[in-house]
Amino acid sequence: MDRFSYRDGELFAEDVSIRALAAEAGTPCFVYSRATLEEHYDRLVEAFSPSDPLGCFSVKSCSNINVLRVLAERGAGMDVVSAGELNRAAAAGVEPSKCVYAGVGKSAFEIRCSVIAGVGLFNCESEQEFENIARIAKEQNKTVRVALRVNPDVDPKTHRYTSTGKKETKVGGDLERARRFFAAYGRDPYARLEGLHLHIGSPVYATEPYREAMGKTATLVGELERDGFAIRSIDLGGGFGADYESGQSPPLTDYAAALVPLAKPLYDTGVRFILAPGRMIAAN
């Protein structure tokens, strides 16, 4: 779970005494275990390795610049929700092309900064947001990649305030709306609509909701391709449970076993999969 443990009643981070750190640094102080962060990220990448995913750490879950640097050294991209987080990712050594700009409420200023920086992917939530991204990309004479957030109408069986996969929740568009969205915007020359974004909730302590969401998404990809739209990336979001209590969260291999077989026909044809873990790497 992590590299913090008690030895004869004294707390250690890896092999370092917390008492000794507190004496040196003063209190309060925040102590992170590099080995824990590395192991959690490596387990994620290994579990999903058949699909060769890009793991984009969710900066909002822990924005400490040194934590970001540790994950950048492991090859992580970053999932950001502001221009400030994009700058922080860059300061940690992450190329903007390995960053996904997600989240609602992107200002025109932040979109413009991200277009100029060369952000790898915009996750789009609405028609109005797409029009804004396309307008700004045209003004800058740049081409950007966009993924539409879809709502697969799946119950993630988590807290109702962090459940975002049901049709009645306020984020993402339903699957039928997605087809209309692509029909209206799928051929824009500056904002290339070529991806799908899922985030069904957090934390999700079961694998079946992911399986159901992936199955519906694969069907949607086929429908869009028949309509003439090629999907090149699928962002599965995050939401994997952090193991706050031993055995509370399924192993990452269980999540992967639910998703990878359904994703195989897609990544075999060149679709790039993106994961956006946050709490499962840093929370505990």
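Residues numbered from 1 in each chain as written. Predicted model: local features only at pLDDT ≥ 70, side-chain atom pairs only at ≥ 80, totals over all residues. Heavy atoms only, no water.

## Considering helix α3 (residues 65–73)
Here is the rule we go by: Only protein chains enter the calculation, and the probe is 1.4 Å; a residue is then buried if its accessible area is under 20% of its type maximum, exposed if over 50%, and partly exposed in between. Each helix corresponds to a stretch of at least 4 residues labelled H or I by DSSP, and each strand to a stretch of at least 2 residues labelled E; elements are numbered beginning at the N terminus. Pairs of residues are marked as contacts when any of their non-hydrogen atoms sit within 4.5 Å. N or O atoms closer than or at 3.5 Å make up a polar contact, with two conditions inside protein: a donor-capable atom paired with an acceptor-capable one, and, for residues adjacent in sequence, both atoms drawn from side chains.
Regarding α3, the residues found buried are V67, L68, V70, L71 and A72. Summarising the contacts, the buried residues of α3 are in contact with α2 (34–47), β4 (54–58), β5 (77–80), α4 (83–91) and α10 (279–282). Put simply, N64 is the residue that caps the front of α3, since its side-chain oxygen is 2.8 Å from the backbone nitrogen of N66. Phi turns positive, to about 100°, at G75, one or two residues after α3.

## Section: the packing of helix α8 (residues 208–226) against helix α9 (residues 252–267)
To keep it simple, the criterion reads: Working convention: axes come from line fits to C-alpha atoms, limited for helices to the stretch in contact. Angles between N-to-C directions cover 0 to 180 degrees. In what follows, roughly perpendicular refers to angles from 65 to 115 degrees, roughly parallel to angles under 35, roughly antiparallel to angles over 145, and oblique to any angle outside these ranges. Charged means Asp, Glu, Lys or Arg here, nonpolar means Ala, Val, Leu, Ile, Met, Phe, Trp, Tyr, Cys or Pro, and polar covers whatever is left, Gly included.
Contact geometry for α8 and α9: axes closest at 9 Å, N-to-C directions at 10°. Taken together, α8 and α9 sit at an angle that is classed as roughly parallel. Note on element contacts: α9 touches α8 through Y255, A258, L259, L262, A263 and L266, opposite Y210, R211, M214, G215, A218 and V221. When the residues that make up the contact of α8 with α9 are grouped by side-chain class, the tally is ten nonpolar, one polar and one charged.

## Let's talk about the sheet that holds strand β1 (residues 4–7)
Going by this rule: DSSP-based pairing: two strands are paired if at least 2 bridges between them are found.
Across the sheet, three strands lie side by side as β1-β2-β3; this open sheet has antiparallel pairing. Only two strands of the sheet have a single partner each, and these edge strands are β1 and β3 (16–17). Across four bridges, the pairing between β1 and strand β2 (residues 10–13) is antiparallel. Its bridge partner being in β2, S5 is matched across the sheet by F12.

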